[in-house]
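# Examining the three-dimensional arrangement
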Amino acid sequence: MKRRHGLLRPWAHAPHALFCLIVAAALSVFQPTARADTAAVTIGGPFTLTAPDGTTVTDATYRGKWLLVFFGYTSCPDICPTTLYEIDAALEELGPDAARLQPIFITVDPERDTPEVMGKYTGAFGSRIIGLTGSPQQIAAVAREYGADSARHKTGAGAEDYAVDHSTYIYIMDIQGKFVRGLDFDTPADRIADTLRKIMAQPDE
């Protein structure tokens, strides 16, 4: 069984960003907490997506690395950039241990988020976060594997006048691609780093 995670709606205007984060933090209380010890719940699985350089990557591409998987989109006004900033800052805090990790940002807006767009966007947060996109079918498939939801809502009359509500968990996957635990989007860098440091210090099964 795949568990579906709750949606948070990004606001369309930057002046509302602070209000959005306050509302999002309140709503996150009602999101189900993903647990690795719940046998009936499966999080993660095989995927085939496209990297910024146009190459095809799969879940097996990153086997042997701990993964931080986050779903979002490049037009997100606040939640996505804030989360990616904290992830990058957490990598800085981890020092040499960061080499054992691969953060992955998977778009939920593949029509606008081409490989080139994803590459430029994640590049603004450093070179260690990889942005992945794909066809709408591929994105739907990987979102289904992770139980990540998304839904468009119109913000204007134009074809590209829309925002995307999306799940906001950071998924921690072990070196074999198995789910370990999830973190809320607003987890600060020091707590992300501390959590990862403790998890990675445990002996491999």
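Attention in this report is confined to the structure presented alongside it. Residue numbering note: each chain is counted from 1, following its sequence as written. Restriction of local features to residues with pLDDT of at least 70 applies here, the model being predicted, together with a cutoff of 80 or more for giving and counting side-chain atom pairs; totals for whole chains, interfaces and linings are based on all residues. Note: side-chain values were computed over all heavy atoms of the structure, leaving out hydrogens and water.

## Things to note about the pattern of salt bridges
Under the convention used in this document: Salt bridge, as used here, is a side-chain nitrogen of Lys or Arg placed within 4 Å of a carboxyl oxygen of Asp or Glu. The helix and strand labels rest on DSSP assignments: H or I over at least four residues marks a helix, E over at least two residues marks a strand, and numbering proceeds from the N terminus. Between buried and exposed lies partly exposed: a residue is buried under 20% and exposed over 50% of the maximum accessible area for its type, with that area taken using a 1.4 Å probe on protein chains only.
Under the definition given, this model contains six salt bridges. Between aspartate 59 and arginine 63 there is a salt bridge, with the nearest N and O atoms lying 2.9 Å from each other. Across the pair arginine 152 and glutamate 111 runs a salt bridge, and its minimum N-O distance is 2.8 Å. With arginine 152 in strand S6 (residues 150–154) and glutamate 111 in the loop between strand S4 (101–107) and helix H3 (115–123), this pair connects stretches of sequence that are 41 residues apart. Exposure remark for arginine 152: the relative accessible area of 48% places this residue in the partly exposed category.

## What to know about helix H5 (residues 189–201)
Going by this rule: Helices are assigned an expected span. That span is 1.5 Å times one less than the residue count. Throughout, the arc means that of the directions going from the helix axis to the C-beta atoms. Contacts are residue-level and defined by heavy atoms, with any inter-residue pair within 4.5 Å sufficient.
Between the first and last C-alpha of H5 there are 18 Å, a value that for 13 residues agrees with the 18 Å anticipated at 1.5 Å per step. Taken together, the buried positions of H5 are occupied by Ala189, Ile192, Ala193, Thr195, Leu196, Ile199 and Met200. Along the axis of H5, the buried positions cluster into a sector of 165 degrees, meaning they face one direction only. Opposite the buried face of H5, by more than 90 degrees, sit the exposed residues Arg191, Lys198 and Ala201. The inward-facing, buried residues of H5 contact strand S3 (66–72), helix H2 (79–94), S4, strand S8 (170–173) and strand S9 (179–183).

In short, geometric facts, not functional conclusions.
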